[in-house]
Amino acid sequence: MCGIVGFINQQSDLQEKKRIVNAMMDTIIHRGPNSSGEHVDEGAALGFRRLSIIDLEGGSQPIYNEDGTKVITFNGEIYNHRILREELKKAGHIFKTHADTEVLLHGYEEWGAELLQKVRGMFAFVIWDTKTQTLFGARDHFGIKPFYYAQMNGTFMYGSEIKSFLKHPDFVKELNKEALKPYMTFQYSALDETFFKGVFRIKEGHYFTYHQGELKIEQYWDVADNEQDMTLEQTVDLIDDTVVKSIEAHQIADVEVGSFLSSGVDSSYVTSVLRPEHSYSIGFGDESYNESVQARQLTDMIGLNNTSTVIKGEEAFEMFPIIQYHLDEPDSNPSCVPLYFLAELASRDVRVVLSGEGADELFAGYVNYGFFTRSKAIRVFTNGLKKLPKRARYFIASKLKNKHFHGSFHMYTNLAPAEEFFIGQAKVFEEAETTRYLQPKYQKSPTVKQIVDENYRRVVDRSEIRKMQYLDIHQWMPKDILLKADKMSMAHSLELRVPLLDIEVMRTAEKVPSKYLINEENTKFAFRQAASRHLPEEWYNREKIGFPVPIKDWLREEKYYKHVRELFSADFVEEFFNQEAILRLLDDNFAGKVDERRKIWTIFTFLTWYKVYFIQDGSKPAVEKIA
């Protein structure tokens, strides 16, 4: 695991180029503390920071092809690199290292962009052709690894983290005003353009070429609609076989591999199959917020070691500016906090961990996919209605909309078109509600509907559950779940791998009959049955809760309330918000008149991030002591 940075321009002062690219590399040293390297010529400067995982002695980058005309820097892991290496050797390619990086380089020489149809892994990489002065780059299928770019003042710059751009003299730091309003609803940076004006992401499943000032971006992969007619037993067999093989593939490393372990089925499934020497868990003291208690119960039952720790509120608030610094953009998902501390805990022993991200999106693990009642009778009745033709289902849903009786919302969300109600796994502020809090000049941005419809338009003929999964795979997962997983782990020089979010696992998930994704029995039904072959029932049938974080308690504890209120009262806040309104929201919540913790946390997160990157100079902040 590593970090990459670089830029393309025709500046002829090679020493100045080298100075700039090294300054960019220094900002992401946490991604690769073991070594660094750069390639500098009249057309380009490529920089690399390395965290040694595979070929510890010989895998340093940049790596060149046989005649030195092509050079690569790469962030990620290619899990089938040994198979591809043998194929490329037979085609006449000569390898200097055992690193997966070199497989990408020779693979691109042999197959061009078709290489991306062959690789299995997580990646963001660039290849610079010194003869044609062309930059080729790509991001993995799901967006596990981040990849940003900007074109400013005659320079094309790219990197694993936006903060590296701050060191380039051609970069202009400006807030993207359109990003704030959608963020208030989604809790994360929801647009393709980031919170930094002019900085964009290469989308998941896309590659690009940059030549003579022209950027071309192409999609090479998307989720397929490939549902098969299989029995439950066949489905469970297929899932378990694929998952076990994926976990095996994701163990490839020349260093020890550990695992994250929560109380949920996904990480428990991974850990029980992997059986690592080290597993890691975290909690917040009170048992209702402490998943480490259940995690320890599981590891005791199956004979594994577990290391856990408890986070205090003071630690969370003190480190919060540093957390937002590492995220690059504001993300008010509360789980960013425990994930940061969990990664630090694991980094004391290992360089690589496996985690459980991805299963909920691929196998329908979220209650928001239509599991809103505990009444099995209502669930069975609703599943019967789901067999009606689409027009009939939509008509019934229209009559149920805004009706309030037991089970009405469950029935509505199972019968209505997904695009009518589903925007993903987070909704903090209702869109209309944001106008009460935001200043007018920050209310001009794409609507929530415009944002989600960009994805829904591609899957109009698919089932409602497949539509919701598709939206989450292309919106929620790369812009929130995977982003925080990468940034919080790499903040501690820890490589996080996600074996349940793998192209082979995806091909299996595409085949699963909808009735085995979510039904009257449970969410993620077939996946849970596969997990049952490795876990006791109290684990594989657990209700999903995510990382429980006690922000409700924190915001009603005086010292944390005062800390947040001090930030809400700062002079710069009035630029963005109706200051009186957000202070009233905070005060009413503290007094117990309302419970608006998520809204307060979302505002607090943005203001903390803005203070780090715009009020301060964008450098890593010091630990902020709480009075």
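Residues numbered from 1 in each chain as written. Predicted model: local features only at pLDDT ≥ 70, side-chain atom pairs only at ≥ 80, totals over all residues. Heavy atoms only, no water.

Novice: Any chance you could break down the packing of helix H20 (residues 558-568) against helix H22 (residues 597-615) for me, citing the residues and the numbers?
Specialist: Running from amino to carboxyl end, H20 crosses H22 at an angle of 60 degrees, the nearest separation of the two axes being 10 Å. On the basis of the axis angle, H20 is oblique to H22. Crossing geometry of H20 relative to H22 is assigned as left-handed. Seen from H20, the contacting residues are His563, Val564, Leu567 and Phe568; seen from H22, they are Ile600, Ile603, Phe604, Leu607, Thr608 and Lys611. Residue classes in the contact of H20 with H22 are distributed as seven nonpolar, two polar and one charged. (Axes fitted to C-alpha atoms, helices over the stretch in contact; angles between N-to-C directions. Helix = DSSP H or I, 4+ residues; strand = E, 2+ residues; numbered from the N terminus. Parallel < 35°, antiparallel > 145°, perpendicular 65-115°, else oblique. Left-handed = near helix turned anticlockwise from the far one by under 90°. Contact = heavy atoms within 4.5 Å. Nonpolar A, V, L, I, M, F, W, Y, C, P; charged D, E, K, R; others polar.)

Novice: Can you tell me about the pattern of salt bridges, naming the residues and giving the values?
Specialist: Counted according to the given criterion, the structure contains 41 salt bridges. We note a salt bridge from lysine 479 to aspartate 192, for which the minimum N-O separation is 3.4 Å. A residue pair is termed long-range when its members are at least 10 positions apart, and lysine 479 in helix H15 (residues 464-490) and aspartate 192 in the loop between helix H4 (180-186) and strand S10 (199-201) qualify at 287 residues. A salt bridge links aspartate 453 to lysine 449, with the shortest nitrogen-to-oxygen separation between them at 2.8 Å. One end of the pair, aspartate 453, and the other, lysine 449, are both in helix H14 (residues 448-456), four residues apart, so they sit about a helical turn from each other. Lysine 449 sits in the exposed class, given a relative accessible area of 52%. Overlapping salt bridges, with partners in common, bring together Arg31, Lys145, Glu161, Lys163, Asp328, Asp486 and Lys487 in one network. (Salt bridge = Lys/Arg side-chain N within 4 Å of Asp/Glu carboxyl O. Buried < 20%, exposed > 50% of the residue type's maximum accessible area, 1.4 Å probe, protein only.)

Novice: Before we move on, can you summarise helix H13 (residues 408-415) with the specific residues and values?
Specialist: For H13, a buried count of seven out of eight residues is recorded, marking the element as mostly surrounded by other parts of the structure. Taken as a whole, H13 has its buried residues at Ser408, His410, Met411, Tyr412, Thr413, Asn414 and Leu415. Packed against the buried residues of H13 are helix H11 (376-385) and helix H12 (390-400).

Novice: If you had to explain the nonpolar core to someone new, which residues and values would you point to?
Specialist: Of all hydrophobic cores here, the largest spans 192 residues; its most connected members are Phe125, Phe260, Phe568, Phe576, Phe577, Phe606 and Leu607. Excluding its chain neighbours within four sequence positions, the residues that come into contact with phenylalanine 568 are Val573, Gln579, Ile582, Leu583, Leu586, Ile600, Ile603, Phe604 and Leu607. (Core = buried A, V, L, I, M, F, W, Y, C linked by side-chain atoms within 4.5 Å.)

Novice: For the domain arrangement of the protein, give the residues involved together with the corresponding values.
Specialist: Each domain of the protein was delimited in the assignment, giving domain 1 (1-217), domain 2 (230-361 + 479-539) and domain 3 (549-613). Each of domain 1 and domain 3 has a C-alpha centre, and these two points are 38 Å apart. The interface is formed by ten residues belonging to domain 1 together with ten residues belonging to domain 3. Summing both sides of the interface, domain 1 and domain 3 together bury roughly 950 Å²; the carbon and sulfur share of this comes to 73%. Looking only at domain 1, the three residues that lose the most surface to domain 3 are Leu175, Leu180 and Tyr183, adding up to 43% of its buried area. Inspection of the domain 1/domain 3 interface yields zero salt bridges. The tally of links from domain 1 across to domain 3 stands at four residue pairs in polar contact (both at pLDDT 80 or more). Split by residue class, the side of domain 1 that touches domain 3 holds seven nonpolar, one polar and two charged. (Domains from an automatic or database assignment. Buried area = accessible area lost by both parts, 1.4 Å probe. Polar contact = N/O pair within 3.5 Å; in protein donor to acceptor, adjacent residues only side chain to side chain.)

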